[in-house]
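# Architecture and fold: a report
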Amino acid sequence: MARTNPLQFVQQVRAEVNKVVWPTRREVLLTTLMVFIMATLTAIFFALVDLAIRGGLQALLGFFG
């Protein structure tokens, strides 16, 4: 592996950082909103699944108990 001096390394890092396409404020807000919506929907789904499993187990245990 070729060694580079620190100044050359910093120049290469700056060149790579300049190639990065940063998202706009609107894109960040929209994706953040979508994450919150999907997390809420997922939490609701698993809460309903939990209620269904708990109800089924209680019915099953009540039938045999």
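Nothing here was measured: the structure is a model prediction, and the numbers come from that model. (Residues numbered from 1 in each chain as written. Predicted model: local features only at pLDDT ≥ 70, side-chain atom pairs only at ≥ 80, totals over all residues. Heavy atoms only, no water.)

## Some remarks on the overall build of the protein
What counts, and what does not: Think of it this way: any DSSP run of H or I at least four residues long counts as a helix, any run of E at least two long counts as a strand, and we number them from the N terminus. Per-residue and other accessible areas follow the Shrake-Rupley method at a 1.4 Å probe size, with only the shown protein chains counted as cover for residues.
Looking only at helices and strands, one finds two helices and zero strands in the protein. By its C-alpha atoms, the protein is 75 × 35 × 10 Å across when sized along the principal axes. Total accessible area on the protein is roughly 6500 Å²; 71% of this is exposed by carbon and sulfur atoms.

## Looking at the pattern of salt bridges
Stated formally: Salt bridges, as used here, are contacts in which a Lys or Arg side-chain nitrogen is within 4 Å of a carboxyl oxygen on Asp or Glu. When accessible area is computed with a 1.4 Å probe and restricted to protein chains, residues below 20% of their type maximum are described as buried, those above 50% as exposed, and intermediate ones as partly exposed.
Applying the stated criterion to the full structure yields one salt bridge. Across the salt bridge formed by Glu 16 and Lys 19, the nearest N and O atoms sit 3.1 Å from each other. Taken together, the residues span about one helical turn, with Glu 16 and Lys 19 both in helix α1 (residues 6-19) at a distance of three residues. A relative accessible area of 58% means that Lys 19 is categorised as exposed.

## A few points about the UniProt feature "transmembrane region" (unreviewed entry) in the protein
Heads up, the rule is: UniProt positions are given in the numbering used here, feature names are shortened, and annotations may be inferred rather than shown by experiment.
Within this numbering scheme, the UniProt entry marks residues 28-53 as carrying the feature "transmembrane region" (unreviewed entry). Within residues 28-53, the helical portion is 100% and the strand portion 0%, while the C-alpha atoms at the span's ends are 37 Å from each other.

## Some remarks on a nonpolar patch on the surface
For the record, the criterion: Patch criteria: residues need more than 30% relative accessible area and no salt bridge. Like-charged residues are merged within 9 Å; nonpolar side chains of Val, Leu, Ile, Met, Phe, Trp and Tyr are merged within 5 Å.
Among the surface-exposed residues, Leu 30, Leu 33, Met 34, Ile 37, Met 38, Leu 41, Ile 44, Leu 48 and Leu 51 lie close enough to one another that they form a single nonpolar patch of about 840 Å² accessible area. As for its position among the elements, Ile 44 is in helix α2 (residues 25-64). By relative accessible area, which is 46% here, Ile 44 ends up partly exposed.

## Re the environment of Asn 18
Positionally, Asn 18 belongs in helix α1. Residue classification places Asn 18 among the exposed residues on the basis of a relative accessible area of 66%. The spacing of Asn 18 and Ala 59 is 41 residues in sequence and 62 Å in space, taken between C-alpha atoms.

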